[in-house]
Amino acid sequence: MKFTLSWLKEHLDTTASLDDILDALNRIGLEVEGVEDKAAKLKGFSIAYVISAEKHPNADKLRVCMVDTGAGEPVQVVCGAPNARTGMKSVFSPPGTYIPGKDITLGVGSIRGVESRGMLCSAAELELSEDHDGIIDLPEDAPVGVPYVDWMGLDDPVIEIAVTPNRADALGVHGVARDLAAAGLGRLVEDAIAPVAGAFPCPVKVTIADGAPCPAFALRLIRGVKNGPSPEWLQNKLRAIGLRPINALVDVTNLLTFDQNRPLHVFDAGKVQGNLVVRRAKSSVRYDEFFTDDPNEWIDLGHPVKIDPENPNHYWVGFPDAETLLALDGKTYALDETMCVIADARAVESLAGVMGGEESGCDEGTTDVLVESALWEPINIASTGRKLGLNSDARFRFERGIDPAFTVPGLELATKLILDLCGGEASEIELAGAIPDTARTIAFPLLLTDRLAGLAAEDDEQIDVLTRLGFKVSGSSGTVDVTPPSWRGDIEGKADLVEEVVRILGLDRVPSLPFERDENALKPVLTTLQLRTRKAKRALATRGLVEAVTWSFVPKLQAELFGGGAPELALANPIASDLSDMRPSLLPGLVRSSQANADRGLGDSALFEVGQVFKGDRPQDQFTAATGLRRALAKPVGAGRHWSAKAQPVDAFDAKADALAVLAACGAPVANLQISADAPDWFHPGRSGTFRLGANVIGHFGELHPSVLEAMDVEGPLVGFEVLLDCIPTPKAKPTRVKPLLELAAFQPVERDFAFLVPRSVAAGDMVKAAAGVDRKLITAVNVFDLYEGPGIEADSKSVALSVTLQPREKTMTDAEIEAVAAKIVAEVTKKTGATLRG
Amino acid sequence: MSVAALPDLDALERDLTAGIAAAGDEPGLEAVRVAALGKKGSVSELLKSLGGMSPEERKTAGPAINGLRDRLNEAIAARRTELKAAALAKRLETERVDVTLPVREAPAELGRVHPISQVIDELTAIFADMGFAVAEGPDIEDDFHNFTALNFPEGHPAREMHDTFYLPTKEDGSRLVLRTHTSPVQVRTMLTQKPPIRVICPGRTYRSDSDQTHTPMFHQVEGLVIDKGSNLGHLKWILEEFCKAFFEVDGVKMRFRPSFFPFTEPSMEVDIQCDRSRPGEIRFGEGSDWLEILGCGMVHPNVLRNCGLDPDEYQGFAWGMGIDRIAMLKYGMPDLRAFFEADVRWLSHYGFRPLDFPTLAGGLSN
């Protein structure tokens, strides 16, 4: 919402300075977005007369102009504008002037050998409009030598405020002035609006059709007007706030839109046929006949199709056949039955509350004008505007809700202005529907201001604020009855009244009150999952992985590659086609990021993310995953090549180690994990695994499947893991924090090594389990310390060497006892896995 | 045997001493020792000969031979020490590493925590100290929790302030949304917990908007207090304390401006004092510029009612701000979009070391 300082002062009798006004606007909730002082910015530009404009001797498209600037001798200026001509008046800037539209400071120049001492300017160069087709062409009576901004009436600061959606009343200068007056910045200027007596009945009747979202519609004819450019004061006012003056009749409607927050519409009565109906737009379906082989194509495109029962190749395809309107913005809009229109006997003439039609618009030839002042249901206006993508100052106001009581006074004010500017004779007012009575009373306990806002204001102070804002208050203490004014449709209850009182008295009067800790303050506040999330992040970062935060949406193809892509998780309105589906896994985002880093020359990246994944659209289908991805040489010991050892690419065990680190950090019983080679499809089938606890899948790890890399057009090697933090069982709460007593054995542990030959398919984990199971008390550790496949042993076999630690507890073991245990271990491993002890 | 039968001890000592000195290594020295003092060594033989001497002869020969033996032992020990030292020196001479060779950096030095995670941990530390729990909710929300319960009437222009992402329309005509703010978590909290309530709700939020300062996904944190007496004055205090703690300054001026949100009444926006006179740098708690950082207000009576609370009995306040935004302000990242690009260079530079855990005791950014 923009207005000039002088415009504001037409409604606010004040001696306050611009700065005081700006401060007050911010204080009362009408946030100042900007102030533009064109007078200061454009003071170097003045009106000049072009004495002569001759062709440049060395350039066809340039002219050499002699310019009378009103100060001394004529000045020579080289000008490239196509409209530069002898005898015109334009805007001149001397050397040294800053040209805002070009961001340069003018100097004395020589253009193709001819000296140029200044410039004739376009409106774009002054940043007054987009028009840079030629230099500003001023009327003959423009006074030479006078600063252009003064003559244009631009020497008036333009204030722009942001108006929140609840404050429709502040979308008119009068409403802004009322707020400022209430805040003590001056007196609101309230001129009574005198009705204009109608000289004859309005010849055009208005009917509001059943179900039309229009409570009231007021109309009057003014005949015998002389339309044309509006007077300078009106044009300047509109131009100052960025509107283009059109003609007096239209300019009056725009003026009242911004002055009073009362949008109006004017029809050229000569172009309106018969009476007006306010109704919903009509939409129907038109059926066109077809004779081809396949109606399915049309069905797939969503068209209704009727097929001839006798001949399947003969059918009719339905096409929407809606009413349309060529609107004042020059575009044609297809309407549907949810939208409200004003139609005459001929066709739709106007889109209710949003924009008028070109056909019945007013131009300089208009002699009879129908002036409309109507009320519309805000939600309907909002939905129509949104559907058509049509924004207008009228829509902006109607969808926020304007003052219903001002419907007829607004029309009277418009009538008076039109009669003043264009002459003519006004009819009586035709009013269809009824002005709704919005009067309501709110019981307002004055103490509520203290209770909700902590602001202890005197009763009379509060009542005074409300009264100045136009509220009627009955009572003087305790609980008072408050009737909001008709222009404050946003006031629903007593909390709204507290806001009015507090914003006008000033939020700086609300004291800062210490907020006591309550008895919960010393208890931990994080849930198990929250703790796991933060522990997982720190655990992975200490392993050298870098945390990424990637989009929650991924391309459909990638969602499908990683087990997602369900239709209910595809966004209906994605912002881009590669941000289309809710992610089923964090891997696709990390894979893409890893390739993007490789493309920047950082091939050895180790990334992780801890975040939400979506298995369905219900709250319980959202899980928190911890996922890591290592690429190329990003090993846990350090990334890249190093003199200390030959560089090895990442492998499934790096991912497994990362996963186990997360699981351990999150308190999972790592010793009880079952690990099996059955990871999902996006992993390499032979180099990946799944973690389970009981029947629950906790996560996966391994090398990514080569065809996934190919489908995503990325290069490996890539190894990764994913762990679902929600699936880790929550340990039982313990009554005490005491740790179990440490038992230190008094005897030295014994270590025995065994080398087995087993088929390659045997899992080393099963061998370890078999060995450990021989005597769970005595055997404290089983480790795989060597693994060999290759020459020297059978092709389908491998050699697995275990070292078993025995911890005697009561006495030192004899050689015979040790041998007995060793024999049992060999027997058990052999029995369970088909291993043979190597000699 | 007679004394005259004794060989020339001096000559023997000279020979043996020369032999000890000449031994170039420990085995050589040992050979000399065995030749002199071994079982059949020359000196050992002399000692054996003492037994056949007369007491007078023994009186002179005994000390002479024993003296010789002791001196030889000493000389051998000294020589052995010398040889050991020389051998060690020689070994050490060959055992050289280039100490300027680079070591592997500790993984914990390479790993980083994203600024968003770090800032969430900072916020949690500050508000946990004031007794706030952390509440979370789903990213995919229904219309009730995201809008209706929060007093956004159907079709109201306030809904248009949120550029909402929708999921496909279901058979019953309803459609889920990606939450446009973390406020639905407040609704879920009020519907499931009895007051008094003190929670903060950090999380991901979504709006279909993308430019220099907007990304379709971003992070918010909201706070909610519901009880029977907390008012705007307490909210002011909490926000002042928060800003001091978060921006780690002794004091910061704040400006509260009336504003509008459907779910609060009265509503306010809050600016904080800052100094932006240095290019590319913002300092808080000084200067005369203002920067908007959050929106807040008293929970709207309709929201309380929608959550089953009687507004004449319960009241409270809520506030919300962008986590990404306050992270940018505090740590000086110039571009929001870079938060989500996973550029390792950016993450390594703006990310945090894994052991730099924010605590109130040790400082948030220690």
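Only a predicted model underlies this, so the values are computations on that prediction, with no experimental measurement involved.

K.L.:
I'm lost on the sheet that holds strand β6 (residues 75–79) of chain A in this one. Help?
P.N.:
Backbone-to-backbone hydrogen bonds pair the strands of a sheet. The strands run either parallel or antiparallel. All names here are of chain A. A sheet is described by the order of its strands in space; here five strands give the open sequence β6-β5-β4-β7-β12, paired in antiparallel fashion. The sheet is open, and its two borders are formed by β6 and β12 (119–120), each paired with just one other strand. Pairing of strand β4 (residues 46–56) with strand β7 (residues 89–93), which is carried by four bridges, proceeds in the antiparallel orientation. Its bridge partner lying in β7, Y49 is registered against K89.

K.L.:
Explanation requested: the pairing of strand β24 (residues 340–343) of chain A in the structure shown.
P.N.:
Successive side chains on a regular strand alternate, one facing one side of the sheet and the next facing the other. Residues and elements named next belong to chain A. Side chains of β24 alternate between two faces, with C340 and I342 and V341 and A343 buried alike. Bridge analysis of strand β18 (residues 276–280) against β24 gives four bridges, and the strand direction is antiparallel. Bridging across to β24, V277 finds its partner in A343. Pairing of β24 with strand β25 (residues 348–351), which is carried by three bridges, proceeds in the antiparallel orientation. Along β25, the bridge assignment pairs A343 with V348. Two successive antiparallel strands, β24 and β25, enclose a turn made up of four residues.

K.L.:
Hey, could you run me through the sheet that holds strand β20 (residues 305–307) of chain A in this one?
P.N.:
Residue and element names in this part refer to chain A. Across the sheet, three strands lie side by side as β19-β21-β20; this open sheet has antiparallel pairing. Strands at the two margins of the open sheet, each flanked by one partner only, are β19 (283–291) and β20. Across the sheet, the axes of successive neighbouring strands diverge by a mean angle of 25 degrees, strand direction being ignored. As judged from the nine bridges shared by β19 and strand β21 (residues 314–322), these two strands associate in the antiparallel manner. Paired with S283 across the strands is A322, a residue of β21.

K.L.:
What is the right way to read the packing of helix α2 (residues 26–37) of chain B against helix α3 (residues 42–49) of chain B from this model?
P.N.:
Between two packed helices, the angle of one axis relative to the other and the distance separating the axes together describe the packing. All names here are of chain B. Closest axis-to-axis distance for the α2/α3 pair is 3 Å, and the angle between their directions is 20 degrees. For the element pair α2 / α3, the angle class is roughly parallel. Between α2 and α3, the residues in contact are A35, A36 and L37 and S42, V43 and S44, respectively. The residue inventory of the contact of α2 with α3, partitioned by class, reads four nonpolar, two polar and no charged.

K.L.:
I tried to follow the interface of chain A and chain B on my own but got confused; where do I start?
P.N.:
For interface size, the figure often reported is the accessible area lost on association. The partner chain B presents 66 residues to the 79 residues of chain A that form the contact. Among the elements of the structure, α9 (378–388), α12 (448–453), α14 (494–505), α15 (528–542), β33 (546–547), α17 (587–599), β36 (606–614) and β39 (638–639) of chain A are those that each provide at least two residues to the side of chain A that touches chain B. For the side of chain A that touches chain B, the class distribution of residues is 40 nonpolar, 22 polar and 17 charged.

K.L.:
Explanation requested: the UniProt feature "domain: B5" (unreviewed entry) in chain A in the structure shown.
P.N.:
The positions UniProt marks with the feature "domain: B5" (unreviewed entry) are residues 437–512 of chain A. Taken end to end, residues 437–512 of chain A comprises 37% helix and 16% strand; its first and last C-alpha atoms sit 41 Å apart.

K.L.:
Sorry, what's going on with the UniProt feature "binding site: Mg(2+)" (unreviewed entry) in chain B here?
P.N.:
UniProt tags B:E265 as "binding site: Mg(2+)" (unreviewed entry). Mapped onto the elements, B:E265 comes out in strand β7 (residues 264–275). According to the C-beta neighbour criterion, B:E265 is buried, with 26 such atoms within 10 Å. Every residue in contact with B:E265, bar those within four places of it in the chain, is listed here: A:A495, A:D496, A:E499, B:G297, B:M298 and B:H300.

K.L.:
How should the environment of A:G242 be read in this particular structure?
P.N.:
On the secondary structure map, A:G242 appears in the loop between α6 (232–240) and α7 (248–260). Here A:G242 falls in the exposed class, since 11 other C-beta atoms lie within 10 Å of it.

K.L.:
Teacher, can you tell me more about the UniProt feature "binding site: Mg(2+)" (unreviewed entry) in chain A here?
P.N.:
Residue and element names in this part refer to chain A. Cross-referencing UniProt, the feature "binding site: Mg(2+)" (unreviewed entry) maps to D490, D496, E499 and E500 in the present numbering. Within the secondary structure, D490 is located in the loop between β32 (479–483) and α14. We classify D490 as partly exposed; it has 18 C-beta atoms within 10 Å. In this structure, E499 sits in helix α14.

K.L.:
Please clarify how the nonpolar core should be interpreted in this entry.
P.N.:
Burial of nonpolar side chains together is a common tendency in soluble globular proteins. All names here are of chain A. By size, the foremost hydrophobic cluster in this structure holds 246 residues, and its most contacted members are C214, V341, V369, L370, V371, I418 and V662. When near neighbours in sequence (up to four residues on either side) are disregarded, V662 contacts A536, A539, L540, A626 and V723. Formed by 29 residues, the second largest nonpolar core is a distinct cluster that contains L42, I47, Y148 and L154.

K.L.:
Explanation requested: the environment of A:D150 in the structure shown.
P.N.:
Residue and element names in this part refer to chain A. Tracing the backbone shows D150 in helix α4 (residues 148–152). For D150, a count of 15 C-beta atoms within 10 Å gives the class partly exposed. Along the backbone, D150 and K38 are 112 residues apart, and their C-alpha atoms lie at a distance of 9.8 Å.

Criteria and cut-off values
Residues numbered from 1 in each chain as written. Chains lettered and ligands numbered in written order. Predicted model: local features only at pLDDT ≥ 70, side-chain atom pairs only at ≥ 80, totals over all residues. Pairing = 2+ DSSP bridges. Helix = DSSP H or I, 4+ residues; strand = E, 2+ residues; numbered from the N terminus. Buried ≥ 20, exposed ≤ 12 C-beta atoms within 10 Å, placed from the backbone. Axes fitted to C-alpha atoms, helices over the stretch in contact; angles between N-to-C directions. Parallel < 35°, antiparallel > 145°, perpendicular 65-115°, else oblique. Contact = placed C-beta atoms within 7 Å. Nonpolar A, V, L, I, M, F, W, Y, C, P; charged D, E, K, R; others polar. UniProt positions renumbered as here; feature names shortened; annotations may be inferred. Core = buried A, V, L, I, M, F, W, Y, C linked by C-beta atoms within 7 Å.

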